[in-house]
Structure formats: structure tokens, C-alpha cells
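Observations on chain architecture
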Amino acid sequence: MTKSSSDGKGQQPSTSSPPPFKRQKRDFEEADSKLGENTSSSRSTMTTINTEQRSSRIKNVFQGFRDELDEHNDRRERLIKTSRDVTSLSKKLIFHLHRYDVRHHDPESNLEIDPPEQGDQGKEGEKEVSAKSKNPNVKLLREARVKLEEVVGLLRSAAEKEGFSSLGTDKIGEGVEQEQGACAEIPLNALRAQRYERAIGPGMEEFIEALSFYHYLRYGNLVSLQEVQARFRLKPFAEGGSDALGGQEGAILLPIPTSRYLLGLSDLTGELMRFATNAVGQGDTGKIVNPVLSLLRDIRNELDPFVPLIRDMKKKQSVTSQSVKKIEDVLYAIAVRSSEYGSDPQALQEMVRRTLSAGGGGGGREEEE
Amino acid sequence: MTTSSVDFSSLLAELESERALAETIRESSKELDKAYRSLASILNRVHSTPSSQIPTIIQATLPHFAHCRSSISAIVQLVPPHQYYKWCDDWSFHLKNTVFAVCLTYFLGTGFLLSKEEVCLVLSIDRSHADRFQLSTEEYLHSLVSMINELSRLAVNSVTLGDFSTPVRLSRFVKDLHAGFQLLNLKNDSLRKRFDGIKYDIKKIEEIVYDISLRGLVKDVEGQEAGVGVEVGEEKRQEVLALLMGR
């Protein structure tokens, strides 16, 4: 483009200079004599300045990009690490919860694992030994709660450190300036939580699985998304505390995406299946296993419409279906055999073992004793 | 333990409305794609047109940049506040293409690199709606890689058209950009893979420059006003930018 182009009718800008094609043809005729000549010696000063200016501008711009991308990648990696730590702690917690002793199953005492201390110091309350806290499950749930708080703390501190919090003064990486009014701090940090959702998400799912298992053992129902979210508000929510409604308010520190919540619950079904079959193995003939089965069926039915909406849900649903089927097989075995053996715990245990090892398929087959 | 009735209906309604919105946004970003296709077909002429005709090409692109701006503002209207990262994948591909067209057009007009901020000016991507629509650095860099790919093709075709000074300028420009990319610590992602491909474009242009300088066809490159990618002065650059912005 040359000078004349900007006045709107600049379609023929280079009429003043000879057409390049012709000139280059002439150049070609002189080619031999010019071979190897250093072209840079004849640079016009103006263009040289422009070219150098361009090079240094590009360099500066890319240095800015480097810092921005490094910051982004570092943050992402830190969060992936957090996600892994959360996953492993959650798995340990789930393992711990599977030691729940169904022979001492008592929903009443489970609800009251923390009345004396009314807070987070689980140790102190243990000294006040009441009849209820002699129940080994109360101790187990108290320990579980301490572990749970640890995971929550890990997620919360990661969210705080990486500036997800609406209190953070940090702005998002692109150097977007704080806008007056409508576009203040909170939105920009909410953006960051979305941006790194994929980094922290897997750990969050595992955590929701552990939390919902704990919640089920303690309260006998499914934890709601609001209850999960309540743990990740700026003002932390104290479980069992009096301000049950307090958890509904306040700014969100770490948003829990709906899809992660549902995927976490889908994973819960596997744990519940293990819990139910263990219970049968320990002598339960329906008090535990029946509600678990109906809950599993409910979860499966309710999650079904989400299959096209959430990635990975299809696979998880088929796992849930298998879990349901396993419990159904166990219950079938109990029904068939209890007429023979009554509810002899050893026989039941053996029955569960065989039913499960038969891959869920041959659960009802006669076995030689 | 009591049997709990499970009720996810409100969550289902939430995700279903998000799905519907995703479809609307995708539909709307097709409009951006349309605008890009028109631009691409005009910009393709650069390979078969003498460099003196480049201003005509730039003029022809201008209405389509207006189309890009209107498509983008339509998308901005659709995205709920503070949800940029939730939806950005739905238009990212089309945005990269569009930014490539903007950067290439500006380079053809000025011989300079259009900065990310200036691209935002051309496409009216405003900071006031940064919570809904942004041009990410990664997207911008992807567009630059596309431009480098295109310039190596241009180097070939300019020689065919008898323009021997253009490859020399393209070589310098592309090397500057490559040096910039080398400053970045790229992770093992798609940008990294495309960056690794740049070296073949550089090599291609270098071979062309070698071929023509060996035969003495390169002469007095800097003094020439003609050809593609002639570096113009500050004033002229502002003019071109204003043109692209539709002012």
C-alpha cells in the first residue's frame, strides 16, 4: 500500500513507479554482474529504522507472552498437583469409611458424633465417654471427619492461593484492567475458577465421592450440591453447627460445578455397593442393603437423563448398573438360601463371596457346601 | 438409615438450558466463520495478483471485517456474564481463523505485525466485556503460526509473479516472529506442535531467497516501494489500522 490508498480511491497506487515486474526483468539481465553483492549496504535509513523497530517490538511483545504463558502453566500444574493430592487423600478416606462396622450400626449415634465440642477439635470430645460414643462407628466417623476437613482445607487453600477467591486482588492473566462497577474483582476471579476447572476437577470428583459416602453413613441420605458448596464459601460452614442456613449465603470461594457433583455421586454408587455387600457379609439381611439398593436405583434413574449432557456419564452409568446388579444378585442369594441356613453370618459371608466372585452373573447358582 | 428420594430435576434443567445455549452460541459463531471464509477467498488472491494490486485487495476485505465485528458482538450478547471460560471453546477455532485474516491483511498493508491489542481494536473485542469474550494469547499465537504458513506460500508465488524483493522481506519478518516464538516455554500442546512446524516455512523461504540471490535477482530490496510487506512509517500504519477498524 502506498500513500494514495487511504483516500478511498487508491486502487492504482504504484503508477508513479515503474511496474515491479518490468524492473525485475531488467535486474535479471544485470544478474551476473551483481551476483553476491551485499544488498544491505544500500538500505535506506528510514526502512532500516522501521525494520529494527519492528524486530524489537516483536521481541518485547513475545517476552510479555512468555511471562503470561509461564504464569498460566505454573498455576495449572500446581492445581493438577493439588488435584492429585486431593484424590489420594479422598481414596484413603473412603478406605477408612469401609471399616464401618455394621454390627454396631446405629443411625442415632452417628448423628451425634460431635455435640460436645461443636466444632473441629474431634479429639477432646472423645474424653466424654457416653454410652453412644462407645460405639466404634462414632470413633470411625470422628476420624473420618478430621480427614475430611483436611481435604477441604487442601482445596480451600489452593483456591485461596491461586486467587479464585473474590477477596483476591489478583486479576486474570491477560492483564485485563479492573473495570469500574459492573466488572469488578469477583467476576474476574470467578473466571479463573472456570479456567482451571479441568485441572482441579478430577480431584474434586473424588472428594465429592468421599464426602457423599461419609454423609450417607452419617445421615443416611444423599449430600446435596448446596451442602457441598457450603464447604467452599468464603465463610466456612461448620458441619453440625447451628447455622444450617448460614451455608447458603456468602461469596463462593471455590465453585462446585454441577457436572462434577453428579459425576462424584455416580462414583459413590460403587462405594455403596461395596458397603452393602460388606454389610451382608457381616450379617446384615436387609436393614442396610435394602435402602442402599433403592438409593442406587434412584441414583441410576435420576442420572440417566444426564448421559447426553455430561461427558463420561455414559461410562459411569454402566458401572452403576453393574453395582445395582451385584446387590440384586446378593439379595437373591440371601432370599434363596436363608430358607436353608437361616441368617447364620458365616453362611451369609460365604454366600456373598461366591456371588461376587461369580462375576455377578451366576449369583443364584447352587453351590456345594 | 432412611431411603432418600433422589431429585436432580433442578440440576437437569440447569444443564439442559446450558446445552441449549451452547447450541445457540455455536450457531452464532458460524456467522463468524462465514465472514472468515469470505475474507479467506479475497486474501487468496494475493498469491495470483501483482503486488501493486494489494491495496485493492485490502479495500475488498473491509466490509467483511465489519461482518466479523457484528458476528463477534452477537456472540458477546449471548454469553452470560462471567462465563467466558465456560464457552470460549465454542468459537475459538473461528476466532483464530479470523485473527489470522486480520493479521495477514495488516501485514500486507504495512509490513508490520499487528499486536494482540490492535487485533482486539479491529474486531471490537472490548475490555468491558472481558468476562464474556476475549482474545486469548494462545489464540493470537495460533493465528500468527497460520500467517507464517501463509507467508511461505506467498514467497513462492511472488517469485512466480516476478517479484523478487518480497521473499527477502518475508524471510526477515518470519525470522523475527520465529525468534519471538523461541522465547516462549511452550508445553506439549497443539501450539507447540504448530510452532515446531514453523521451521519448515522458514526453510522454504530461505531456499527461495537463496535461489534468487544466487542468480542475482535480489537487488536493492530496501529502496523498492513495490512488493509485499514493505515496511511503512508510523503514520501509514495508523491509517491502515483505522481502515481495518472501519473508521
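These notes cover the structure that comes with them. Bear in mind that the values here come from a model prediction, so they are computed numbers and not experimental data.

Helix and strand content of chain B: nine helices and zero strands. Going from the N terminus to the C terminus, chain B shows its helices and strands as α-α-α-α-α-α-α-α-α. Counting over 247 residues, chain B shows a buried share of 61%. Within chain B, contacts between residues at least 6 apart in sequence are counted, and of these 82% link residues at least 24 apart. Counting only carbon and sulfur atoms, one obtains 51% of the accessible surface of chain B, whose full area is about 9,600 Å².

Following the criterion strictly, the structure yields 33 salt bridges over all chains and no others. Between Asp176 of chain B and Arg54 of chain A there is a salt bridge whose closest N-O contact spans 3.5 Å. Residue Asp176 of chain B is found in helix α7 (residues 166-182), and its partner Arg54 of chain A is found in helix α3 (residues 45-97); the two belong to separate chains. The exposure class assigned to Asp176 of chain B is buried, which follows from its relative accessible area of 17%. Note on Arg54 of chain A: relative accessible area 1%, which makes it buried. Across the pair Asp33 of chain B and Arg37 of chain B runs a salt bridge, and its minimum N-O distance is 3.3 Å.

Before going further, it helps to examine the packing of aromatic side chains. Following the criterion strictly, the structure yields 13 aromatic pairs over all chains and no others. Ring centres of Phe107 of chain B and Phe173 of chain B lie 4.2 Å apart, and the angle between their planes is 25 degrees; this geometry places the pair in the stacked category. Pair noted here: Phe107 of chain B is in helix α4 (residues 92-110) and Phe173 of chain B is in helix α7, with a separation of 66 residues, a long-range link. Comparing Phe107 of chain B with Phe173 of chain B shows no difference in burial state: the two are buried. Grouped by ring-pair contacts, the aromatic residues Phe62 and Phe65 of chain A together with Tyr140, Phe181 and Phe195 of chain B constitute a single cluster. The residue whose ring lies beneath Arg237 of chain B is Phe112 of chain B, and the NZ or CZ to ring-centre distance is 3.8 Å.

About the thresholds
- Residues numbered from 1 in each chain as written.
- Chains lettered and ligands numbered in written order.
- Predicted model: local features only at pLDDT ≥ 70, side-chain atom pairs only at ≥ 80, totals over all residues.
- Heavy atoms only, no water.
- Helix = DSSP H or I, 4+ residues; strand = E, 2+ residues; numbered from the N terminus.
- Buried < 20%, exposed > 50% of the residue type's maximum accessible area, 1.4 Å probe, protein only.
- Contact = heavy atoms within 4.5 Å.
- Areas by Shrake-Rupley, 256 points an atom, 1.4 Å probe, with all protein chains shown as cover.
- Salt bridge = Lys/Arg side-chain N within 4 Å of Asp/Glu carboxyl O.
- Phe/Tyr/Trp six-rings, centres within 6.5 Å; stacked < 30°, edge-to-face > 60°.
- Lys NZ or Arg CZ within 6 Å of the ring centre and 35° of its normal.

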